[in-house]
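Examining the three-dimensional arrangement
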Amino acid sequence: MTLPASSATSSTPTAAGLWKPVLLRAGTALVFGAVTVFWGSPSVHVLAWATGLYLLATAGAAFLAASVPAAAAVVVGLAGVGALITQSDAGAGLSALVGLLVLGAFELVQGFRQRGGHVLARDWIISGVVGIGTAVALPFFISLGAHALLGVAGGGAIISGVLWVLSGLSLRHDGRTPSAEAVN
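Note that the structure is a prediction, hence the values are computed from the model and not measured. (Residues numbered from 1 in each chain as written. Predicted model: local features only at pLDDT ≥ 70, side-chain atom pairs only at ≥ 80, totals over all residues. Heavy atoms only, no water.)

**Here we look at unusual backbone geometry**
Unusually for a residue other than glycine, Ala 66 sits at a positive phi of about 60 degrees. If you trace the backbone, Ala 66 turns up in the loop between helix 3 (44-64) and helix 4 (70-86). With phi around 50 degrees, Gln 87 is a residue other than glycine that occupies positive phi space. Mapped onto the secondary structure, Gln 87 falls in the loop between helix 4 and helix 5 (89-113). (Helix = DSSP H or I, 4+ residues; strand = E, 2+ residues; numbered from the N terminus.)

**Digging into the pattern of salt bridges**
As a working rule, side chains carrying opposite charge can pair if their charged atoms are close by. Across all of its chains, the model carries one salt bridge by this definition. Between Arg 25 and Glu 107 there is a salt bridge, and its shortest N-O distance comes to 2.3 Å. Of the two residues, Arg 25 is situated in helix 2 (residues 15-38) and Glu 107 in helix 5; the sequence distance between them amounts to 82 residues. (Salt bridge = Lys/Arg side-chain N within 4 Å of Asp/Glu carboxyl O.)

**Some details on the packing of aromatic side chains**
For the structure on display, the rule yields one aromatic pair. Here Phe 32 and Tyr 54 contribute two aromatic rings whose centre-to-centre distance is 4.2 Å and whose plane-to-plane angle is 10 degrees, an arrangement assigned as stacked. Here Tyr 54 lies in helix 3 and Phe 32 lies in helix 2, a separation of 22 residues in the sequence. Residue class for Phe 32 comes out buried when judged on its relative accessible area of 5%. Residue Tyr 54 is classed as buried on the basis of its relative accessible area of 8%. Above the face of the Trp 19 ring, Arg 172 is positioned so that its terminal group lies 5.1 Å from the ring centre. (Phe/Tyr/Trp six-rings, centres within 6.5 Å; stacked < 30°, edge-to-face > 60°. Buried < 20%, exposed > 50% of the residue type's maximum accessible area, 1.4 Å probe, protein only. Lys NZ or Arg CZ within 6 Å of the ring centre and 35° of its normal.)

**Some details on the confidence of the model for the protein chain**
Taken residue by residue, the protein chain gives an average pLDDT of 89. The fraction at 70 or more is 86%. Low pLDDT, under 50, characterises residues 1-11; the predicted model gives this stretch zero contacts beyond four residues in sequence or across chains. (pLDDT = per-residue confidence, 0-100. Contact = heavy atoms within 4.5 Å.)

**Examining the environment of Ala 61**
Mapped onto the fold, Ala 61 is located in helix 3. Once residues lying within four places of it in the same chain are set aside, the contact partners of Ala 61 are Pro 21, Leu 24 and Arg 25.

**Thoughts on helix 4**
Spanning 17 residues, helix 4 covers 24 Å between terminal C-alpha atoms, matching the ideal 24 Å at 1.5 Å per step. For helix 4, the full list of buried residues reads Ala 72, Ala 73, Val 76, Gly 77, Ala 79, Gly 80, Gly 82, Ala 83 and Leu 84. Just downstream of helix 4 lies Gln 87, where phi reads positive at about 50 degrees. (Expected span 1.5 Å × (residues − 1).)

**Here's the deal with empty space enclosed by the protein**
If you roll a probe as big as a water molecule over the atoms, it shows you where there is empty space left. Inspection of the entire model under this criterion finds three cavities of 30 Å³ or more. Roughly 90 Å³ of volume is contained in the largest cavity. Where the lining of the largest cavity is concerned, the elements lending two or more residues are helix 5, helix 6 (121-137) and helix 7 (146-174). Classifying every residue of the lining of the largest cavity gives six nonpolar, six polar and two charged. Roughly 40 Å³ of volume is contained in the second largest cavity. (1 Å grid on protein atoms, 1.4 Å probe; cavity = no way out; pocket = protein on both sides within 12 Å on 5 of 7 lines; lining within 4 Å. Points joined across faces, edges and corners; volume = space filled by probe spheres on them. Nonpolar A, V, L, I, M, F, W, Y, C, P; charged D, E, K, R; others polar.)

**Describing the packing of helix 4 against helix 5**
Each pair of packed helices gets described by two things: the angle between the helix axes and the distance between those axes. With their axes 8 Å apart at the nearest point, helix 4 and helix 5 run at an angle of 170 degrees to one another. Here helix 4 lies roughly antiparallel to helix 5, going by the angle between them. Note on element contacts: helix 5 touches helix 4 through Gly 91, Ala 92, Ser 95, Val 98, Gly 99, Val 102, Leu 103 and Phe 106, opposite Ala 72, Val 75, Val 76, Ala 79, Gly 82, Ala 83 and Thr 86. For the contact of helix 4 with helix 5, a count of residues per class yields ten nonpolar, five polar and no charged. (Axes fitted to C-alpha atoms, helices over the stretch in contact; angles between N-to-C directions. Parallel < 35°, antiparallel > 145°, perpendicular 65-115°, else oblique.)

Take a look at the structure:
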């Protein structure tokens, strides 16, 4: 006896239910990346606010997309608050390091654990590697100031943002029902 496909995957969110939070995460990353690219001479306050808000928004979006458990999202969010409070190159850089490292590690583990069983598993692996790589690079740029830190963090955000846009649009397409395709 075989189970219907819908009951076999009832605990895993469907593509139709994931595309919106995935695109929210993509938008968050791409907006942060755009700020880092187009702000010519950012001050330490721009660094702190941009990094803090990025980490807070990313924590929420990753939690909604079921990328990380609530505890990890809280740690990433607290790292964002840390960047906002410290208002320094070192504080924002270390806050970003903690937030991106925690997020990346959880996504990497989640991706390997659910490889072949979850629609986002491969994307979590890639995003995890990008997050961990960005986090590991950040300490080497703290002494170079806000512009360098935003460049490194923004580069990682743009890479992950593009990944999540492609993933979100693929999920949206895959989640369409045959009757919806016939109407369009």
